[in-house]
Amino acid sequence: DGRHCIKCDQSCLSCSAAKEESCLSCPPDTRLHFENGGHGRCLQTSSCLQGYYLDNEKCHKCSDSCTSCVETKANCTSCHVDRRFLPLSLQNGEDGIQIGECVSSC
């Protein structure tokens with residue numbers, strides 16, 4: 001009803017619900033891995049997990065067609081097995097990594 005406080009999951013610093021995937025901010029030495037809806041999980045990792053990219057010290061989910069990406073969710077660096085990697089002409093992500101799109105294999 002909006003008038004009661006909830007206890008966050010122990011992994012969260014602040015949250016929107018009492019579940020571990022409802023974190024809004026994280027304690028030091030953890031990274032917020034955003035899921036859909038603007039909240040996520042706090043994980044003890046120095047970098048983002050595969051399928052996420054780092055932006056403003058937070059990990060955001062890559063596009064559904066990418067297995068990994070950099071800088072934005074659409075800058076794929078690898079694709080799922082049912083997709084083909086289509087390099088974007090003359091575009092490289094951070095550290096010179098080739099970025100592209102993941103397109104249907106058909």
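Before any of the text, the structure's been laid out above.
Residues numbered from 1 in each chain as written. Predicted model: local features only at pLDDT ≥ 70, side-chain atom pairs only at ≥ 80, totals over all residues. Heavy atoms only, no water.

Draft legend 1. Region of the structure containing the overall build of the protein chain. Of regular secondary structure, the protein chain possesses zero helices and 10 strands. Counting every position in the protein chain, which comprises 106 residues, the buried fraction comes to 29%. Considering only intrachain contacts with a sequence separation of at least 6, the fraction spanning at least 24 residues in the protein chain is 12%. Approximately 7100 Å² of the protein chain is accessible, and the part contributed by carbon and sulfur atoms is 48%. (Helix = DSSP H or I, 4+ residues; strand = E, 2+ residues; numbered from the N terminus. Buried < 20%, exposed > 50% of the residue type's maximum accessible area, 1.4 Å probe, protein only. Contact = heavy atoms within 4.5 Å. Areas by Shrake-Rupley, 256 points an atom, 1.4 Å probe, with all protein chains shown as cover.)

Draft legend 2. How the structure looks around the pairing of strand 8 (residues 76–79). In this structure, strand 7 (residues 66–69) lies alongside strand 8, joined through three bridges in antiparallel fashion. Bridging from a neighbouring strand, cysteine 69 pairs with cysteine 76 of strand 8. With antiparallel pairing between neighbouring strands as the criterion, strand 7 and strand 8 make up a hairpin whose turn holds six residues, including glutamate 71 at a positive phi of roughly 65°. (Pairing = 2+ DSSP bridges.)

Draft legend 3. Quick peek at the pattern of salt bridges. Within this structure, the stated rule accounts for three salt bridges. Among the salt bridges present, the one from arginine 41 reaches glutamate 20, with a minimum N-O distance of 2.3 Å. With arginine 41 in strand 4 (residues 40–43) and glutamate 20 in the loop between strand 1 (14–15) and strand 2 (23–25), the pair connects residues that are 21 residues apart, well separated along the chain. Relative accessible area serves as the criterion here: at 37%, glutamate 20 is assigned to the partly exposed category. (Salt bridge = Lys/Arg side-chain N within 4 Å of Asp/Glu carboxyl O.)

Draft legend 4. Seen up close, the state of the cysteines. Across all of its chains, the model carries seven disulfides by this definition. Here cysteine 8 pairs with cysteine 15 through a disulfide, and the sulfurs are 2.0 Å apart. Every disulfide takes its handedness from the sign of the S-S torsion; for cysteine 8 and cysteine 15 that torsion is -90°, giving left-handed. A relative accessible area of 15% places cysteine 15 in the buried class. (Disulfide = S-S within 2.5 Å.)

Draft legend 5. The packing of aromatic side chains, seen in detail. Taken as a whole and assessed by the stated rule, the structure comprises zero aromatic pairs. A cation over an aromatic ring shows up here: lysine 61 above the ring of tyrosine 52, its NZ or CZ 5.7 Å from the ring centre. (Phe/Tyr/Trp six-rings, centres within 6.5 Å; stacked < 30°, edge-to-face > 60°. Lys NZ or Arg CZ within 6 Å of the ring centre and 35° of its normal.)

Draft legend 6. A look at unusual backbone geometry. Phi angles above zero are rare outside glycine, and aspartate 29 is one such case at about 70°. With respect to the helices, strands and loops of the structure, aspartate 29 is situated in the loop between strand 2 and strand 3 (31–34). For aspartate 29, a relative accessible area of 72% puts it in the exposed group. Unlike most non-glycine residues, glutamate 71 shows phi in positive territory, near 65°. Along the chain, glutamate 71 turns up in the loop between strand 7 and strand 8.

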